[in-house]
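The residues making up each chain are set out below.
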Amino acid sequence: MPNADLPIMIVDDAKFSGAVIGRTLKAAGFKDIRTASSAQQGLAMLESRPVNVLIADWLMPEMDGLELVEAIKADPELASIPVILLTARSDDDSRLKGTTSGADAFLGKPFNSRELQGIVRNLLNLKAREREVNRLNRKLSEDVLKRYLPPDLVDAMDGILAAKSRDEWGEVFDRAGIIWGPVLTLDEVARDKQAEAI
């Protein structure tokens, strides 16, 4: 089972429905369950304290679950949060609309408790793997940089290596082009020299 302390958010304007989902998750051992009664409240809460999985009802007033999913996926800081969309709509068009909006899973109402728990576990496991891949990528980047640059300089660039969003990585690579251009050229020359020696 994934870490039971990882935060999960339920966004549902129907208090009873949200309470049932919360009890279902607590019964599965999850401890940090946050609730929002509207999509706007959910977004505000996410901006201050992101979660590892979000469960949203599709039919809500003002901003519905579909619009919430689209807003989350459009925000680089929140886009990687897996979203489960809950709805009484079970037709193929609705499922297609839900998944193409960016929802990671789609669950009909009334839902099966074990199915919901299983989907949440799977998404938390995927999120944990994503974090591990990001950690390994940072380590690999650091190792590659240390191969070509003094370790002190690489350590000073630690904040750059920990950049989170794609936009920040774009800026990093734009700035690093000044360094990487000559480094890559030197690496190619070294490989050519090794090939000539063989």
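Thresholds applied
Residues numbered from 1 in each chain as written. Predicted model: local features only at pLDDT ≥ 70, side-chain atom pairs only at ≥ 80, totals over all residues. Heavy atoms only, no water. Helix = DSSP H or I, 4+ residues; strand = E, 2+ residues; numbered from the N terminus. Buried < 20%, exposed > 50% of the residue type's maximum accessible area, 1.4 Å probe, protein only. Contact = heavy atoms within 4.5 Å. Areas by Shrake-Rupley, 256 points an atom, 1.4 Å probe, with all protein chains shown as cover. Arc of directions from axis to C-beta. Polar contact = N/O pair within 3.5 Å; in protein donor to acceptor, adjacent residues only side chain to side chain. Axes fitted to C-alpha atoms, helices over the stretch in contact; angles between N-to-C directions. Parallel < 35°, antiparallel > 145°, perpendicular 65-115°, else oblique. Left-handed = near helix turned anticlockwise from the far one by under 90°. Phe/Tyr/Trp six-rings, centres within 6.5 Å; stacked < 30°, edge-to-face > 60°.

Here's the deal with the overall build of the protein chain
Broken down by element type, the protein chain carries 8 helices and 5 strands. Secondary structure of the protein chain in N-to-C order comes out as β-α-β-α-β-α-β-α-β-α-α-α-α. By residue count, 37% of the 198 residues in the protein chain fall in the buried class. For the protein chain, the share of sequence-separated contacts (at least 6 apart) that also reach a separation of at least 24 residues comes to 64%. As presented, the protein chain carries roughly 11,700 Å² of accessible surface, and 54% of it is formed by carbon and sulfur atoms.

Considerations on helix α3 (residues 65-74)
Among the residues making up α3, those that are buried are Gly 65, Leu 66, Leu 68, Val 69 and Ile 72. Buried residues of α3, seen end-on, are gathered within an arc of 160° and therefore sit on one face of the element. Buried positions along α3 lie against β1 (8-11), α2 (39-48), β3 (53-57), β4 (83-87) and α4 (92-100). The N-cap residue of α3 is Asp 64: its side-chain oxygen and the backbone nitrogen of Leu 66 are 3.0 Å apart.

Here we look at the packing of α2 against α3
The N-to-C vectors of α2 and α3 enclose an angle of 20°; their axes lie 10 Å apart at closest approach. The orientation of α2 with respect to α3, classified from their angle, is roughly parallel. Read as a crossing pair, α2 and α3 show a hand that is right-handed. Across the interface between the two elements, Ala 39, Leu 43 and Leu 46 of α2 pack against Leu 68, Ala 71 and Ile 72 of α3.

Description of the packing of aromatic side chains
All chains considered together, the criterion is met by 1 aromatic pair. With 6.1 Å between their ring centres and 85° between their planes, Trp 58 and Phe 106 make a pair best called edge-to-face. Residue Trp 58 is found in the loop between β3 and α3, and its partner Phe 106 is found in strand β5 (residues 105-108); the two are separated by 48 residues along the sequence. Assigned by exposure class, Trp 58 and Phe 106 land together as buried.

Overview of unusual backbone geometry
One non-glycine residue with positive phi stands out, namely Glu 62, at about 65°. When you line up the elements, Glu 62 lands in the loop between β3 and α3.

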